[in-house]
Amino acid sequence: MNIRLTILMALVLPAVSVASETAAVKTIDAELTGKPPSGSYGVIVEHDPSLATHTVYRPERFGTIKHPVLAWGNGACKKSGLLFAEFLAEIASHGVLVIADGPPIPGERRVRPDNEVRQPIERPSKSPKPDGTALIAALDWIEARNQDPDSRYYDKIDMSNVAVMGMSCGGLMAYGASGDKRVKTVGIWNSGLLEPNDPIFNALHSSVLIVTGGPQDVAHPNGLRDFETMPPAIPVFHAVRPELGHSGTYSSDNGGLFGEVAVAWIKWQLLGDESSVTKGMFVGDRCTLCTNPEWRVQQRALN
């Protein structure tokens, strides 16, 4: 009798556990403003207790394709998953599963555009190193769930199309994760290495996008140096918006200008879209950003 009861419990408990885990996932109000994200997939922001250290932005129309993945690091390496909500929701709405470092913290102050009245951006108390641990943890988490038949993510994720990106200190996090063999493209936003780092550059194996503001952006010289010193075989695009400072346009409606660039790059690099509005934004002498007088761009080894 006792043996039979134990067997029954062993059979029943896993199903209860999976159901409880799904029920425990919380949908988050990201308090987006302005127009809805422009992608056709919609977006839902969630906090999953099985990855309590992060915030998930997933397409609302989920599973209609195998979704690529973006792991994101915040400015100041701050663990707050809603800091870049406008920007990240816009990306997710185009079919990308986005995992931001940090749990969703209600009321957390966002990075504001430079033309708004705001407090200075918080910076780490110590000079940060390129540590990609949190981004790699996000990739490990979603890869495991993609392989788990009991997971709602099962076989819905394209782990062959993965990006790591971040802003400011978060860009250093992206560099720290860039050597991971799953990474197909790297995004360095208002960021750059604080000093030359041969191990980071030697481990690069994917395309790189570097976007900064003009000379008033503290990261402008770092991003420029990274472009100039990166191994010549690495496909890289370097874009500068001269009138912008370090805050970029992340909290503008749908991420503003930087949101448009991010979506075009990701759709090209991870979703295979080679149209004039995606690949055409970056490639060739007549690329969209190349011919726009409000941008200063350089490119190398892109095709």
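What you see is a predicted model; the values in this text were computed from it and never measured. (Residues numbered from 1 in each chain as written. Predicted model: local features only at pLDDT ≥ 70, side-chain atom pairs only at ≥ 80, totals over all residues. Heavy atoms only, no water.)

Things to note about the confidence of the model for the chain
The pLDDT averaged across the chain works out to 89; a share of 86% of its residues lies at or above 70. Scored below 50 in pLDDT, residues 115-125 makes 17 contacts in the model with residues more than four places away or belonging to other chains. (pLDDT = per-residue confidence, 0-100. Contact = heavy atoms within 4.5 Å.)

Remarks on the pattern of salt bridges
Within this structure, the stated rule accounts for 11 salt bridges. Asp 101 serves as the salt-bridge partner of Lys 79, at 3.0 Å between the closest nitrogen and oxygen. One end of the pair, Lys 79, is in the loop between β4 (67-73) and α2 (85-92); the other, Asp 101, is in strand β5 (residues 97-101), and 22 residues separate them in sequence. Measuring nitrogen to oxygen at the nearest pair gives 2.7 Å for the salt bridge that ties Glu 243 to Arg 241. (Salt bridge = Lys/Arg side-chain N within 4 Å of Asp/Glu carboxyl O. Helix = DSSP H or I, 4+ residues; strand = E, 2+ residues; numbered from the N terminus.)

A short note on the state of the cysteines
Covalent bonding between the sulfur atoms of two cysteines is what defines a disulfide. What the rule picks out here adds up to 2 disulfides. Each disulfide pairs two cysteine sulfurs, and for Cys 77 the partner residue is Cys 169, the sulfurs being separated by 1.7 Å. What sets the handedness of the Cys 77 and Cys 169 disulfide is the S-S torsion sign, and at about -80 degrees it is left-handed. Placement of Cys 77 in the loop between β4 and α2 and of Cys 169 in helix α4 (residues 169-177) is noted, with a sequence separation of 92 residues between them. Put simply, Cys 287 and Cys 290 are joined by a disulfide, and their sulfur atoms are 1.9 Å apart. When the S-S torsion is 85 degrees, as for the bridge of Cys 287 with Cys 290, the disulfide is right-handed. Overall, Cys 290 belongs to the partly exposed group, its relative accessible area being 26%. Sequence-ordered numbering of the disulfide-bonded cysteines in the chain gives the connectivity 1-2, 3-4. (Disulfide = S-S within 2.5 Å. Buried < 20%, exposed > 50% of the residue type's maximum accessible area, 1.4 Å probe, protein only.)

Notes on the pairing of strand β6 (residues 157-167)
Within β6, 10 of the 11 residues are buried, leaving the element largely enclosed by the surrounding structure. Examined bridge by bridge, β6 and strand β7 (residues 183-189) share 6 bridges and lie parallel to one another. Within β7, the residue paired with Gly 166 across the bridge is Ile 188. In this region the chain leaves β6, passes through α4 and returns to the parallel neighbour β7; the handedness of that crossover is right-handed. (Pairing = 2+ DSSP bridges. Right-handed = clockwise from strand over helix to strand, strands pointing away.)

Considering unusual backbone geometry
One non-glycine residue, Cys 77, lies in positive phi territory at about 55 degrees. Accessibility expressed as a relative area gives 25% for Cys 77, which makes it partly exposed.

Regarding the sheet that holds strand β8 (residues 207-213)
Read across the open sheet, the 10 strands follow the order β1-β2-β3-β5-β4-β6-β7-β8-β9-β10; overall the sheet is mixed. Here the strands that pair on one side only, and so sit at the sheet edges, are β1 (26-28) and β10 (296-300). Averaged over neighbouring strand pairs, the angle between their axes works out to 20 degrees when direction is ignored. Against the sheet, α4 engages β4, β5, β6, β7 and β8, with an angle of about 140 degrees to β6. (Axes fitted to C-alpha atoms, helices over the stretch in contact; angles between N-to-C directions.)

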